[in-house]
Every structure is written in C-alpha cells, then in structure tokens.
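# Observations on the three-dimensional arrangement
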Amino acid sequence: MSEVKLENVIKAYDTKRVIDGIDLTIKDKEFMVLVGSSGCGKSTILRMIAGLEEISSGNIYIGDKKVNNVHPKDRDIAFVFQSYALYPHMTVYENIAFGLKMRKVDRNIIDTKVREAAEILNLTELLERKPKQLSGGQRQRVALGRAIVRNPKVFLMDEPLSNLDAKLRVQMRAEIKKLHEKLQTTFIYVTHDQTEALTMGDRIVILDKGKIQQVDTPLNVYNNPKNKFVAGFIGSPQMNFIDCEIVNDTLIMTEPIFELNKQIADKLYGKSKVTVGIRPELMINPTGHIKLKVKTEMTELLGSEQIVYFNIGKNKCCAKLNTDFLVEDSFDLNLNENDFLYFDKETGERLA
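In this report, the structure presented in the accompanying data block is examined.

Rules used in this analysis
Residue numbering note: each chain is counted from 1, following its sequence as written. Confidence filtering applies because this is a predicted model: local features only for residues at pLDDT of at least 70, side-chain atom pairs given and counted only at 80 or more, and all residues used for totals across whole chains, interfaces and linings. Heavy atoms throughout the structure, all of them, feed into the side-chain values; hydrogens and water do not. Per the convention used, a helix needs a DSSP run of H or I reaching at least four residues, while a strand needs a run of E reaching at least two, with both numbered from the N terminus. Given the number of residues in a helix, its expected span is that number minus one, multiplied by 1.5 Å. To sort residues, take the accessible area from a 1.4 Å probe on protein chains only and compare it with the maximum for the residue type: under 20% means buried, over 50% means exposed, and anything in between is partly exposed. Note on contacts: a residue pair is in contact if any heavy atoms of the two residues lie within 4.5 Å. Note on geometry: axes are lines fitted to C-alpha atoms, helical ones only across the stretch in contact, with angles between N-to-C directions running from 0 to 180 degrees. Left-handed describes a crossing whose near helix is turned anticlockwise from the far helix by less than a right angle; the clockwise case is right-handed. Lys, Arg, Asp and Glu make up the charged group, whereas Ala, Val, Leu, Ile, Met, Phe, Trp, Tyr, Cys and Pro make up the nonpolar group; the residues left over, Gly among them, are polar. A pair of strands is treated as paired once DSSP finds two or more bridges between them.

### Quick look at helix α4 (residues 136–148)
The terminal C-alpha atoms of α4 lie 18 Å apart, and with 13 residues this matches the ideal 18 Å at 1.5 Å per residue to within 8%. Within α4, 11 of the 13 residues are buried, leaving the element largely enclosed by the surrounding structure. Within α4, burial applies to Gly137, Gln138, Gln140, Arg141, Val142, Ala143, Leu144, Gly145, Arg146, Ala147 and Ile148. Packed against the buried residues of α4 are β6 (77–80), α2 (92–102), α3 (107–120), β7 (154–158) and α5 (166–183).

### Points about the packing of α2 against α4
For the pair α2 and α4, the least separation of the axes is 7 Å and the interaxial angle reads 35 degrees. The way α2 lies across α4 gives a crossing that is right-handed. Contacts between α2 and α4 involve Val92, Asn95 and Ile96 from the first element and Val142, Gly145 and Arg146 from the second. Of the residues in the contact of α2 with α4, the class split is three nonpolar, two polar and one charged.

### Structural notes on the sheet that holds strand β9 (residues 203–208)
Paired through their backbone hydrogen bonds, the strands of a sheet run either parallel or antiparallel. Spatial ordering of the open sheet is given by β6-β7-β8-β3-β9-β10, a layout of six strands whose pairing is mixed. Both outer strands of the open sheet, β6 and β10 (211–216), are each paired with one neighbouring strand and no more. Direction aside, the axes of adjacent strands within the sheet are offset by 15 degrees on average. Pairing geometry for β7 and strand β8 (residues 186–191), over five bridges, is parallel. Paired with Leu156 across the strands is Ile188, a residue of β8. Running over the sheet, α5 touches β3 (31–35), β7 and β8 and is turned about 160 degrees from β8.

Encoded structure:
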C-alpha cells in the first residue's frame, strides 16, 4: 500500500501558519497534483511528506506507518526536484546509479536496475554521456531515472518541468503520465501551472494561503468549483465575475436581465448582492436567450481563437471566440442562465 495521509497537519514559523490544518488522503497508485500560486504552501507540503521539513503538529502516514519522526532516507520515497541536481562529472549511468551505490547495493543489481530505468526513459543510448552533453528534457529524464531505480512507494515531484521550454513541457507531461501508468505507484506532483494540473492529475488539490480550497477530479474542479477562488484560478482566461443585485427574484447586471427560476431563487433566498461567474467560452452560447450589447475594448488573436475584452457595468470581462466571429466596435453577448454560477459577494462561497 502506497497511500499517503495527512491529518490536521500544521506548519508554523513563529506564530505564522504557512500550512493551516491540512487533511488529505492520497490513494494508492493515484496521481495527485497540488496546485496553487507562489507561496500557497504546496512545496512545503511535499517537503513535509518527504521529511525535509518538520511538521509543527498533526500526523503524516505513508502506507500504514506514521512517519512524523522517520528520517527521510527511511520513508521509502523518491524526490524529483525542480533543478535536476545531477553530478556534472558523472555519466548518465553513474548519476542514475549513485543512490544505489551509496546504499551498497550489489553491483549486478545496480546494473540491471539502471539499464531497466534507461530503457523505460529512452536513455539507453545516452548512458555514457555527461550532463552538459544533454538537453533539458534528457537531464530531467535522468533525474527521473535516479528516482525509478530506488523502486519507492511514493514519487514526489516539485515543479520538475518549470525549467523546460513550452514544447518540451508538453512532451514531458505525456512521458511522466506514461511512467505513472507503467510503474503503478503513487505520484504526488507540485505545480503552479493549471494546465499541468488539469492534464496530468487523477485528482487536483487547489491550495491558497496554506489551506485546501478544493480536492476533486480536473473535470469537477473546472465545472463545479467550490468557491470564487477556485473558479478564478482554474481556467484560461479566468472566469468572468459580474457583481449583480437581486430584486424580487430578478437578476440585475446593468439592467433587469431575467427572472430567476424557482430552484435558483430558493438557493439565493435572502441574498440581495451576488457575484455571477461565467466562463469566457460561454459568453456567446447558441442556446442563449439573454442578450447584452457590449463595447469592444481590445482583441487578442491566438491562432484559431480570439479573446475579446469588454466591460459589463464596472466588471472587466472577456469572451473566447472562434476567429471567424466578426468582432466590431460593439457586439451582442448571447448568455444562457444555465451557464451561470452564483457566489456570495462577501465570502466568495458558491451559492448555486
């Protein structure tokens, strides 16, 4: 069993909590992604699991074993860092084998494991090269190989692709997912890149200021965000947020828009001010019956798509459209009320 469990884990520096009461279970063989902006605590969580940071309180389990006071080398984990951390004077073979040599593993076993890892990562032809002779993607695969040969219970990866260019990142995302499927062990992956999170994770943990905001599958996080923070963090461009009033079950943006259906009206009962969220790709919906005329502020061309910016009242918004849509100085939005999400204007919590 390679399940990882955190129970009310707190990390504090003096009186400041950087991790504030985290409860999280990562299932055996799951690919879990921790995502959030810089300073949210995602790397700290990874380092606490690894034993590189002490926890202030709470418990961490790897499998059935509580590891609060277990030395990092005895936790049966492998850590892949953002920097490749390869020894420049050693060959690829020697870099991959280094950890096993330090544990005085038999030479024949080392050779077998290194060559198996090289085969998995397509490094066999590069085993005699030095790191300076490798590309960024090849160096990252060597770092992965060094982790694989240990056959750990859990792989921990701290933004391993952030030093690669865009094309290599896409390629390495696919390779790491294939590696997970092949090794059938638990992966915990940290990134600030929501695209990596959405494309790689079986589930995603969205963090903000040391607290978990939502844990769910990528699709559920995108379609059913728990609060305004998650809704705004996941998605590119981010979700549009429009401050509205409700008067006698009528939603008002810049003018009376429509009467809320009873189910939504009941959920919003007692609320006079709400924030409506709607994805940019849903601002012109063929099934939409709500029309709003807006003035074009700016247009960005992105190959097959264009992002058009405009204001609704005092709210800055945008629409993601096909390039065959003719954008003039002003144009009509076609909105469908079924695409709206409603958030509490004060707390940001999802209402309906």
